[in-house]
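# What the coordinates show
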Protein chains: 4
Amino acid sequence: MSLNTYGHLFRVTTWGESHGPALGATVDGCPPGIAVDEAFLQQWLDKRRPGQNKNTTQRNEPDAVKILSGMYEGQTTGTPIQLLIENTDQRSKDYGEIVKTFRPGHADITYHLKYGLRDPRGGGRSSARETAARVAAGGIARAALNALVPGIEIKGYMTRMGEMEIDRSRFDWDAIEGNDFWIPDAEAAPEWETYLQSIRKGQNSVGAEIEVVARGVPAGLGAPVYAKLDTDLAAAMMSINAVKGVEIGEGMAAARLTGTENADEIFMGDDGPEYSSNHSGGILGGISSGQDVVVRFAVKPTSSILTPRRSIRLDGSATEVVTKGRHDPCVGIRAVPVGEAMMACVLLDHLLLHRGQVGDGPRGTIG
Amino acid sequence: MSLNTYGHLFRVTTWGESHGPALGATVDGCPPGIAVDEAFLQQWLDKRRPGQNKNTTQRNEPDAVKILSGMYEGQTTGTPIQLLIENTDQRSKDYGEIVKTFRPGHADITYHLKYGLRDPRGGGRSSARETAARVAAGGIARAALNALVPGIEIKGYMTRMGEMEIDRSRFDWDAIEGNDFWIPDAEAAPEWETYLQSIRKGQNSVGAEIEVVARGVPAGLGAPVYAKLDTDLAAAMMSINAVKGVEIGEGMAAARLTGTENADEIFMGDDGPEYSSNHSGGILGGISSGQDVVVRFAVKPTSSILTPRRSIRLDGSATEVVTKGRHDPCVGIRAVPVGEAMMACVLLDHLLLHRGQVGDGPRGTIG
Amino acid sequence: MSLNTYGHLFRVTTWGESHGPALGATVDGCPPGIAVDEAFLQQWLDKRRPGQNKNTTQRNEPDAVKILSGMYEGQTTGTPIQLLIENTDQRSKDYGEIVKTFRPGHADITYHLKYGLRDPRGGGRSSARETAARVAAGGIARAALNALVPGIEIKGYMTRMGEMEIDRSRFDWDAIEGNDFWIPDAEAAPEWETYLQSIRKGQNSVGAEIEVVARGVPAGLGAPVYAKLDTDLAAAMMSINAVKGVEIGEGMAAARLTGTENADEIFMGDDGPEYSSNHSGGILGGISSGQDVVVRFAVKPTSSILTPRRSIRLDGSATEVVTKGRHDPCVGIRAVPVGEAMMACVLLDHLLLHRGQVGDGPRGTIG
Amino acid sequence: MSLNTYGHLFRVTTWGESHGPALGATVDGCPPGIAVDEAFLQQWLDKRRPGQNKNTTQRNEPDAVKILSGMYEGQTTGTPIQLLIENTDQRSKDYGEIVKTFRPGHADITYHLKYGLRDPRGGGRSSARETAARVAAGGIARAALNALVPGIEIKGYMTRMGEMEIDRSRFDWDAIEGNDFWIPDAEAAPEWETYLQSIRKGQNSVGAEIEVVARGVPAGLGAPVYAKLDTDLAAAMMSINAVKGVEIGEGMAAARLTGTENADEIFMGDDGPEYSSNHSGGILGGISSGQDVVVRFAVKPTSSILTPRRSIRLDGSATEVVTKGRHDPCVGIRAVPVGEAMMACVLLDHLLLHRGQVGDGPRGTIG
């Protein structure tokens, strides 16, 4: 990963600030001949878009993506695809008073210390608005994956929001798209909403845990030792704003297990190897096994809250910060499509890497 | 990260298999004029080396590192440094019977599926023995950091091993080096040993959680948006064998917190900004804040155990696997110096990246 | 270099096709605090812009560059800079008839063979119009170089155009900007113009040789063995459309010289080492010596000519191609600012690389 | 290209100094299942090896390559291949007197200025001995190309050595291997030898021009705009010690041609497109056309000569340098296998890149 680029062969460079004229993504290395259009990309952007419901920020941006290059007659040409999203609702006056103040928990102070200057309008480059460009790029990756790996499916959902936690015994893959929290349990959604409203009314915010699962990933994606599939997934998720932890399969809980508990035993099924469990999260030795690829990440509570927090100004003087803007009480909700986009980009990148080194076809066979 | 290389400017490529003639690391981009020698590197390798005490595998390798290039009269010259470790205790007969069997939880099956062949001797490239090369490279990084950032200090320690967990109220930074488990609590070590012996006697293994802390890291290291310091640390730790989760600061627990709880409030101290807490793990917006950089990772229990696990052979037939070799009951112990090495490499790399883009001196000032 | 990206730390990704809505460059890794604006960039674009005089294509594009990101209050912030140039004069009907024909000497046939499809409008991605984005990015590099290396100067000029060749005994550095051919000899320009008009009237085109010189480059830029300064300059120049050869200093003529002829003898001057000559082109062992950095490249005659050339169609049938569009009789003229831009980008990139590995200050001293 | 690494997917990192214990290459990204052994690599090293005949340096190194990793039972496994060549004939006393003197035309002065120190023994890292590692890596690339592209053939030969030039009307592809100069004209070799002996007796050296041709390269390798096949070939050749110019096809002479002269007209042959000529050197728009890929490069005369040249010492005092060691009168002879190795590495890398982005099979068809 270079400063603002991720990926080995399918390479995405995002650019733009929260309150500049536009932001976007330069997508290089996409396979040619992939059918995709702005409407296909827009569906994922709409999922991430603020102002969708009362649980997310009321900033109202259409977040309409334009494809400026790399397409001809509805197909990718193999040349770079420029995705542009104009910033239409900038209202920078909301942020004017904090130009000389460092908001606790924000990148204000570290950007200042590093660069000697920063764009203070809406957090500039460190704004979560940057993730809109990732979601657009993820749409390109999804279109390519759909063409190259028929049947592949990628879904993200919340597994925790503060005190709320999903009940895995009630897990319903098909319920995810049907509620405002992207949780796999339609009946639990009202309770989550009540909880989040209490957080908001308390002038507070709350963290969240998101799980992203990819089904139908072919075995063999990934590579030893530093371009492991799990390495790149960890990097991709950790690069999302506010993320503080990443887990593959069993995750941090693996520290509590014994070897007998953790073993995913192997059986021969009709279509190849099958496993008694998926503690590994679908990845062994950095390479996909054919099981579901399972990644989880935690998003910290947004630091932009109405409850005053102590801080300092540029001149070193003490102050209190109350962030009045239009902020999500739980940014984890909108992190769901971002996590899905990162999963799509990493999987496509590793698919291309694999066929680069090893070729199109299967290599090892069993049985 | 390319397949077997990590780092942007300080770039480490490891190579070699568990039972080949040798393994090593090619270290490129080291600053010139750094005083370092084989004895300095050896101290970290000895820490990782098996056979040190009864809690680690009895495989007895001296793991003596040789510097083959990039040095002149005791100093680095700025050209690539080749670090070579010969494999002396290969005893490959231990592994002969599993050539045609996939060990559950190992990379055997995914390497086979990906490449169509694999080096089965001791796990080949997927063996944890690869981490010896990382530790050697980390020694070079430590030497450069010591020269460029006087006072910087990097220490790793175990925070959990199965049911054992450290008591943070008894945390003793100076106790870490004084016990077999690298735990920050000398008195707890005997209890950990008793526990681990019971695991071993039960023909089992157990996972672990390791925390690595860097003190004295200057503010300003890291970069938006994909070369964030936390992104690269997450990738570095996740690339270590058997790691299933990575956390920065509060980590996955951030999902349970509210914004008021999670805020690290800022004060002006005598030497610059100070903070009321370190939920952020020393990183804001991907850039170091000057606080301690805190990373945690979980290592799964080794899958090589004496208790039989069900699996399949190359021909698809069912079998049971009992791994008889000389294996650690908890690989987390030896993961401690590996985590330290990765921390050192990532910090040096970002120090070089920072002065590349921004220059040697400080940029932003406060007060 | 990745597919559409060049540079190690100062990284430029260009995107866009000749006849799409826009093209541009994503510039990542620029140092912060560099003062630059659209007007500064525009001066170099105007130099490259078609329709300037009767010696270049009459396609009339304002080529106005917009900065969409990475700036705040007139200074770079250290985050990615998006440079956008809209395509306003697209007239794609000019090109309609060649959609199914491969123009000899063009990338039509290789793009088709590689990707299975191509954007035929104006050559799509393979159009020389892509170089407008490089020139804009080069303007950013120039601004940064001016700030970091006071006194540095980069100039390109033609040294040959078909039968016309400059007389080095009449070399006038200050004359370069004062004529339509960017030649260092004001009096020769009318003869060059007469020659080029005869080429044009003959329904033909002609090749050219361009030399780019950088004065005031500090010693020490470059790196063994594959990121040599000359390696990266060769790659940068060869990546420009229609370039078929690159020379450093003596260039291909070095094959004819003896060791005594080729030696640049060294003397001690008042400000450091001086040399009896500059056969080396300012680069020894891949690292700048402090002498002028001298690069030359040859541009082939444009293949788009009015004289019929034999070719084939998509269906394999034979045809003759006459390219009627608005084409330069010598693309070498407009290649001059492109070569300058590439020189600026490579030098800045190596300046950042150098201070990344070695630091800001001088290292070795003499005397 | 990073400092000491080249390639995108097939990545070669060379390491080692002329007079250290060893040098070598770390080869990452090789496809699995390629049959190769040390004897196969040794044949190319023997071609480059000094002391072969009276036209090259009498330094006598066996240059025996050892494969330390990445192989199992005679096949590549897809993991990094470490190639090690021990330095056996170091005789560093030959060089002792020049530790404090900068040899004109050498990297001594620029390494010193950049790094503040250098390994003076035999030129250290800047020695042409580094190219032995490239040749070994090139052998791996050849083995993989032979497996993936049956019928591909790569040959290099000298086209000029000072006043000697080949007569292309007598070009004989099969004569190349049969004479000490690798020239395609057996009868001319004695005259070349007489000329070179006169250069040597005159205590002088001479430059050379080498052409490397690849036959049977599939169409479609390469990529716009900065990973063009010609861009990467130019970089690869320019990175070889002493190279000052690189040409593709017509090369610098393209500056003298008109569009009608330069056009490679296209016809439909039995097996696909054919061309009336190959001015393009087999590359159009950065992508291979299926014609022979033709690269030429010029090597300057070695600066290590017995005729005194004026220079300075570390303390700035004036001196004269006479290089007594065992040096080639024309390093161009031994540059031939190096150029071939670089061609092999670049072609394999682009083959992998192509199938990564576009897949194994053909894409566009004609007719």
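Residues numbered from 1 in each chain as written. Chains lettered and ligands numbered in written order. Predicted model: local features only at pLDDT ≥ 70, side-chain atom pairs only at ≥ 80, totals over all residues. Heavy atoms only, no water.

## What to know about the overall build of chain A
Secondary structure assignment for chain A yields seven helices and 18 strands. Against the compact-globule benchmark of 21 Å for 367 residues, chain A has a radius of gyration of 21 Å, which places it among compact chains. Dimensions of chain A, computed from the C-alpha atoms along their principal axes, are close to 70 × 50 × 35 Å. For chain A, the proportion of its 367 residues judged to be buried stands at 71%. For chain A, restricting intrachain contacts to residue pairs at least 6 apart in sequence, the fraction spanning at least 24 positions comes to 69%. For chain A, the exposed area adds up to about 11000 Å²; of that, 47% sits on carbon and sulfur atoms. Distance between charge centroids for chain A: 10 Å, based on 38 positive and 46 negative side chains. (Helix = DSSP H or I, 4+ residues; strand = E, 2+ residues; numbered from the N terminus. Rg over C-alpha atoms; globule rule 2.2 N^0.38 Å. Buried < 20%, exposed > 50% of the residue type's maximum accessible area, 1.4 Å probe, protein only. Contact = heavy atoms within 4.5 Å. Areas by Shrake-Rupley, 256 points an atom, 1.4 Å probe, with all protein chains shown as cover. Lys, Arg positive; Asp, Glu negative; His and termini not counted. Charge placed at Lys NZ, Arg CZ, Asp CG, Glu CD.)

## Points about the relation of the copies chain A and chain D
Each copy superposes on the other: chain A lies on chain D with an RMSD of 0.0 Å after a rotation of 180° and an axial shift of 0.0 Å. Such a combination of turn and shift is consistent with a two-fold rotation axis. Scanning chain A for the C-alpha nearest the rotation axis identifies A:G356, at a separation of 1.9 Å. Of all interface residues in chain A, 100% are interface residues in chain D too; the two copies therefore contact each other through one and the same surface. (Least-squares fit on C-alpha atoms with pLDDT ≥ 70 in both.)

## Observations regarding the sheet that holds strand 10 (residues 208-215) of chain B
As summarised here, the arrangement of the ten strands in space is 9(A)-8(A)-10(A)-16(A)-11(A)-11(B)-16(B)-10(B)-8(B)-9(B), forming an open sheet in which the pairing is antiparallel. Two strands lie at the open edges of the sheet, namely strand 9 (164-165) of chain A together with strand 9 (164-165) of chain B, each paired on one side alone. The strands touched by helix 5 (residues 229-238) of chain A within the sheet are strand 11 (243-248) and strand 16 (293-299) of chain A together with strand 11 (243-248) of chain B, with strand 11 of chain A carrying the most contacts at an inclination of about 155°. Packed on one face of the sheet, helix 5 (residues 229-238) of chain B meets strand 11 of chain A together with strand 11 and strand 16 (293-299) of chain B and runs near 155° to strand 11 of chain B. (Pairing = 2+ DSSP bridges. Axes fitted to C-alpha atoms, helices over the stretch in contact; angles between N-to-C directions.)

## Here we look at the pattern of salt bridges
Considering all chains together, one arrives at 80 salt bridges over all chains under this definition. The salt bridge partner of C:D292 is C:R215, with a shortest N-O separation of 3.7 Å. Residue C:D292 is found in the loop between strand 15 (287-288) and strand 16 (293-299), and its partner C:R215 is found in strand 10 (residues 208-215); the two are separated by 77 residues along the sequence. Overall, C:D292 belongs to the partly exposed group, its relative accessible area being 29%. Accessibility expressed as a relative area gives 31% for C:R215, which makes it partly exposed. One salt bridge in this structure joins D:R296 and D:E247, with 2.9 Å as the shortest N-O distance. Taken as a pair, D:R296 in strand 16 (residues 293-299) and D:E247 in strand 11 (residues 243-248) lie far apart in primary sequence, 49 residues in all. When sorted by exposure, D:R296 lands in the same class as D:E247, which is buried. (Salt bridge = Lys/Arg side-chain N within 4 Å of Asp/Glu carboxyl O.)

## Observations regarding the packing of helix 1 (residues 38-48) of chain C against helix 3 (residues 131-148) of chain C
All names here are of chain C. Orientation of helix 1 relative to helix 3, taken along the N-to-C sense of each, is 140°, at an axis distance of 9 Å. In terms of their interaxial angle, helix 1 and helix 3 are classed as oblique. For the pair helix 1 and helix 3, the crossing hand works out as right-handed. Across from F40, L41, W44, L45 and R48 in helix 1, the residues of helix 3 making contact are T131, A132, V135, A136, G139, I140, R142, A143 and N146. (Parallel < 35°, antiparallel > 145°, perpendicular 65-115°, else oblique. Left-handed = near helix turned anticlockwise from the far one by under 90°.)

## Here we look at the side chain of A:R118
All names here are of chain A. When you line up the elements, R118 lands in the loop between helix 2 (108-115) and helix 3 (131-148). A polar contact of 3.4 Å, which involves the side chain of R118, links it to the backbone oxygen of T101. Only 3.5 Å separates the side chain of R118 from the side chain of D108, close enough to count as a polar contact. (Polar contact = N/O pair within 3.5 Å; in protein donor to acceptor, adjacent residues only side chain to side chain.)

## Thoughts on the relation of the copies chain B and chain A
In screw terms, the move from chain B to chain A is a rotation of 180° and a rise of 0.0 Å along the axis, fitting with an RMSD of 0.0 Å. Taken as a fraction of all interface residues of chain B, those also at the interface in chain A reach 100%, which identifies the copy contact as same-surface.

## A few points about the sheet that holds strand 3 (residues 22-28) of chain C
The strand order across the open sheet built from five strands is 1-2-3-7-4 (chain C), with neighbouring strands paired in antiparallel fashion. With one partner strand each, in any of the chains shown, strand 1 (5-6) and strand 4 (65-67) of chain C form the two edges of the open sheet.

## Remarks on helix 7 (residues 332-357) of chain C
Residue and element names in this part refer to chain C. Given a rise of 1.5 Å per residue, 26 residues ought to cover 38 Å, and the 37 Å separating the end C-alpha atoms of helix 7 matches this to within 8%. Within helix 7, 26 of the 26 residues are buried, leaving the element largely enclosed by the surrounding structure. Just beyond helix 7, the residue with positive phi is G359, at close to 100°. (Expected span 1.5 Å × (residues − 1).)

## Looking at the interface of chain A and chain D
Every contact between the two is made by 18 residues of chain A and, on the other side, 18 residues of chain D. Between chain A and chain D, roughly 1200 Å² of surface is buried when both sides are summed, and carbon and sulfur atoms account for 51% of that area. One can count zero salt bridges joining chain A with chain D. At the boundary of chain A with chain D, the tally comes to twelve residue pairs in polar contact (both at pLDDT 80 or more). (Buried area = accessible area lost by both parts, 1.4 Å probe.)

## Quick word on the interface of chain B and chain A
At the interface, 111 residues of chain B touch 111 residues of chain A. Across the chain B to chain A interface the summed buried area is about 8900 Å²; carbon plus sulfur atoms make up 62%. Interface area lost by chain B to chain A is led by B:K114, B:Y226 and B:K244, which between them contribute 11%. There are four salt bridges connecting chain B and chain A. The biggest single contributor to the side of chain B that touches chain A is helix 2 (residues 108-115) of chain B, with seven residues. Each residue belonging to the side of chain B that touches chain A can be placed in one class, and the counts come to 52 nonpolar, 39 polar and 20 charged. Bridging between strand 11 of chain A and strand 11 of chain B involves three bridges; their strand directions are antiparallel. The residue bridging A:V246 from the neighbouring strand is B:V246, located in strand 11 of chain B. (Nonpolar A, V, L, I, M, F, W, Y, C, P; charged D, E, K, R; others polar.)

## A look at unusual backbone geometry
Here the amide bond leading from C:P224 into C:V225 is cis, since omega sits at 0°, within 30 degrees of zero. At C:Q203, a residue that is not glycine, the phi angle is positive and equals roughly 55°. Unusually for a residue other than glycine, D:E73 sits at a positive phi of about 50°. Note on placement: D:E73 falls in the loop between strand 5 (71-72) and strand 6 (75-76).

## What about the confidence of the model for chain A?
Residue-level pLDDT values for chain A average 92, and 93% of them are 70 or greater. Two summary scores accompany this predicted model of the complex, namely pTM at 0.97 and ipTM at 0.96. (pLDDT = per-residue confidence, 0-100.)

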